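Structural overview
Here is how the chains run, residue by residue.
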Amino acid sequence: MARRVLLIEDEPNIIEAISFILTRDGWTVHTHEDGETAAERVRKLPPDLVILDVMLPGRSGFDILQDLRGNAATKDIPVMMLTARGQAKDREMAMQLGATHFMTKPFSNAEVLENVRALVGA
Amino acid sequence: MLHRSQPGKRIRARRLEQGLSQKDLASAIGISASYLNLIEHGRRRIGAALLADVAQALEVPVGRLTGAGDAAVLQVLQERDGAEGTAEAFVEGFPSWAAAMADQDQQIAELKGRVTELTDRMAHDPILSGALHQVLSTVTSIRSTASILVEGAGDAEWEARFHQNIHADSLRLAEVSQALVTYLEGPDDSLSVGPAEEAAIFLDRCGHRVPEIEAGGEADLSSLSAGGKAAVQGWLRQYKADAAAMPLERFDRASRVAGYDPAALAAEFSVPMVAAMRRLAQLPSGVGHPDIGMVICDAAGAIVYLKPIDGLAVPRAGGACPLWPVFEALSQPGRPLRRVVSLPTAEAPRLTAYACATPYGPVGYDAVPLMQSAMLVVADAPTQLPHVVGPGCGGCPVQECAARRDEIRL
């Protein structure tokens, strides 16, 4: 069975592009745009990897990450955070809260693929 | 969109591509970083000779910096990640999209540079934060979509869809970047260059030192207007007097021994402390001295002289943070201060600041004494905990500050 990625991001064209390259690479891609209900979506799926944007409508990516790490069912799922370039504090916060990895926008498709493969393969 | 009349933007974009700082490039072509900054922002014209030097240092043909030779589209696309071999086919197949994408690439490089500069402000200014988040999201989307198109999506329907997305993103990026530029550059661009600003630019360009005077000769002022020459005369007279009282070779050695302490050097050379400060700010760069900046203000807090360095965020035009020691010294004339200071961001360098306020001008019975305060800042990486000083309230992240000017205080 294809491994599952849940992409939590609110920018439609980014969702489309990342979904396309991951699907082409053999992943099953689920997407979710709302911060408020994101943690619940992760619990219901649950995916092999979560890609989580920091800035989401409803609830920040940091809050969602904290929820995921505090729940037995989701605490071990690798989470790759998407942060804005140069926001050192965001990166520190993401790592403190238990993110597995972070990527800074704007990233390249090659970076996305490389990191997704490394995080789930590991 | 970039215009042919704006080589500054192209220089900046290319410099960032090369991973060079303004300081790196400026020193490679023999001008000061602040002058390069003015050129990059289109506030100074660049002559043909200097442009040729820049092009050589950035390893590009001059045409690429002036916008001529727009076969550059192909070059730009070839420089994209993973575009080798497919770029030519893309340019042939979709010439107008390819041109749009090349333009976007340059726009992206330029915006990336701006984003890097504004990182610290970004977290604390809601307007900037919102706009930059949009820029980054759009740039991310464009980069990802363009990359898929360059490699080929393998399906006509998908390709049409991605073309549509990239078009929508480019419109959004244009709109957001226009709004950003208006927000960031609005008030400053309307300032015209008066003699004082011309003189300040001249000093920034020469790095606030005149090798000809050090060698016993005269400064070359041929690039200045009559007003600019007049504005710089006082500084040059003082420079000559300081150079005579503190000859370079001996002062260079002594400053290293004294750890750049202006009070110690003033004692050694029997000069006022402010003279030793001025001379320290004239030390040559690139021979092992730390970066040294200097500010002089009058009793009203107006900045009358500024030699900027990284971390010395005192705006020439006013609105400076009153916590800088240069202003503190005004309340204790004649008493030298030494403070370790730093801007309130993780990346800001710690600086050792020396300040002292002294009277100047003629003295007279019952006349109001004219005071000025001078501050030298030395980037010598002190280890003590710093006094936090701000870049001015507008860009300052410290909200709980008694010195804030956000409201009327009676």
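Scoring rules and cut-offs
- Counting of residues starts from 1 at the beginning of each chain's written sequence and follows it residue by residue.
- Lettering for chains starts from A, numbering for ligands starts from 1, and both go in the order in which the items are written.
- The model is predicted, so local features are restricted to residues of pLDDT at least 70 and side-chain atom pairs to those at 80 or more, both for listing and for counting; the totals for chains, interfaces and linings are taken over all residues.
- Calculated side-chain values reflect all of the structure's heavy atoms, with hydrogen atoms and water omitted.
- Runs of H or I in DSSP of at least four residues are treated as helices and runs of E of at least two as strands, each being numbered from the N terminus.
- Under the scheme applied here, a residue whose accessible area is under 20% of the maximum for its type counts as buried, over 50% as exposed, and between as partly exposed, the area being computed with a 1.4 Å probe on protein chains only.
- Every residue pair with non-hydrogen atoms within 4.5 Å of one another is taken to be in contact.
- The Shrake-Rupley method, run with a 1.4 Å probe sphere, supplies the accessible areas, and residue values consider only the shown protein chains as cover.
- Pairing between two strands requires that DSSP report at least two bridges joining them.
- A fitted line through C-alpha atoms represents every axis, and for helices the fit uses only the stretch in contact; the resulting angles, taken between N-to-C directions, go from 0 to 180 degrees.
- By definition here, a salt bridge exists when the distance from a side-chain nitrogen of Lys or Arg to a carboxyl oxygen of Asp or Glu is within 4 Å.
- Once two parts are brought into contact, the accessible area they lose, counted with a 1.4 Å probe and summed over both, makes up the buried area.
- Pairs of N or O atoms are called polar contacts if they sit within 3.5 Å, as long as, within protein, a hydrogen donor faces a hydrogen acceptor (for residues adjacent in sequence, only side-chain-to-side-chain pairs).
- Residues are grouped as follows: Ala, Val, Leu, Ile, Met, Phe, Trp, Tyr, Cys and Pro are nonpolar; Asp, Glu, Lys and Arg are charged; all remaining types, including Gly, are polar.
- Ring pairs are drawn from Phe, Tyr and Trp, using the six-membered ring of Trp, whenever the two centres fall within 6.5 Å, and their geometry is named by plane angle: stacked under 30 degrees, edge-to-face over 60, tilted for the rest.

The next thing to look at is the overall build of chain A. On a plain count of helices and strands, chain A comes out with five helices and five strands. Helices and strands appear in chain A in the N-to-C order β-α-β-α-β-α-β-α-β-α. Within chain A, buried positions represent 52% of all 122 residues. Taking contacts inside chain A between residues at least 6 apart in sequence as the whole, the part at least 24 apart equals 59%. With an accessible surface of roughly 5,300 Å², chain A has 49% of that area assigned to carbon and sulfur atoms.

Let's shift gears to the sheet that holds strand E5 (residues 101-105) of chain A. Residue and element names in this part refer to chain A. Strand order in the open sheet formed by five strands is E2-E1-E3-E4-E5, and the pairing between neighbours is parallel. Of all strands in the sheet, those with a lone pairing partner are strand E2 (28-32) and E5, marking the two edges. Direction aside, the axes of adjacent strands within the sheet are offset by 20° on average. Helix-sheet contacts for helix H3 (residues 61-69) involve strand E3 (49-53) and strand E4 (79-84), and the interaxial angle to E4 is about 165°.

Moving on: the sheet that holds strand E2 (residues 303-307) of chain B. Residue and element names in this part refer to chain B. An order of E2-E1-E5-E4-E3-E6 is seen for the six strands of this open sheet, with the pairing classed as mixed. Unpaired on one side and paired on the other, E2 and strand E6 (387-388) mark the two borders of the sheet. Relative to strand E5 (residues 370-378), strand E4 (residues 351-360) runs antiparallel, the two being bridged by nine bridges. Bridge assignment links Ala 353 to a residue of E5, and that residue is Val 377.

Going through the model one piece at a time under the given rule, you end up with 22 salt bridges over all chains. Between Asp 291 of chain B and Lys 23 of chain B there is a salt bridge; the shortest N-O distance is 2.9 Å. Here the residue Asp 291 of chain B occupies a position in the loop between helix H17 (273-280) and strand E1 (292-298), and Lys 23 of chain B occupies one in helix H2 (residues 22-29), the gap between them amounting to 268 residues. Classification of Asp 291 of chain B as partly exposed rests on a relative accessible area of 28%. Among the charged side chains, a salt-bridge network with shared partners connects Glu 9, Asp 53 and Lys 105 of chain A.

Cis rather than trans, the peptide bond between Lys 105 of chain A and Pro 106 of chain A has omega equal to -5°. Summarising the element assignment, Pro 106 of chain A is placed in the loop between E5 and helix H5 (109-121). One non-glycine residue, His 208 of chain B, adopts positive backbone phi at about 65°. With respect to the helices, strands and loops of the structure, His 208 of chain B is situated in the loop between helix H12 (195-205) and helix H13 (211-214). Among the residues examined, His 208 of chain B registers a relative accessible area of 3% and is labelled buried. Look at Ser 270 of chain B: it is not a glycine, yet its phi comes out positive at around 50°. Counting through the fold element by element, Ser 270 of chain B comes out in the loop between helix H16 (262-269) and H17.

Many structure descriptions define interface size as the accessible area lost when the parts assemble. Contact with chain B, which involves 28 residues of that partner, is made by 22 residues of chain A. Interface of chain B and chain A: buried area, both sides summed, is about 2,200 Å²; carbon and sulfur atoms make up 55% of it. When the buried area of chain B at its contact with chain A is split by residue, His 133, Thr 140 and Arg 143 of chain B rank highest and sum to 22% of it. The tally of links from chain B across to chain A stands at three salt bridges. One salt bridge connects Arg 172 of chain B with Glu 11 of chain A, and the closest N-O pair in it is separated by 2.9 Å. Here chain B and chain A share nine residue pairs in polar contact (both at pLDDT 80 or more) between them. If one sorts the elements of the side of chain B that touches chain A by residue count, helix H10 (residues 126-151) of chain B sits on top with twelve residues. Tallied by class, residues from the side of chain B that touches chain A come to nine nonpolar, eleven polar and eight charged.

A word on the packing of aromatic side chains. Here the structure, examined in full by the defined rule, presents five aromatic pairs over all chains. A network of ring pairs unites the aromatic residues Phe 20 of chain A together with Trp 158 and Phe 162 of chain B as a single cluster.

Take it as geometry only, folks, not as evidence of what the structure does.
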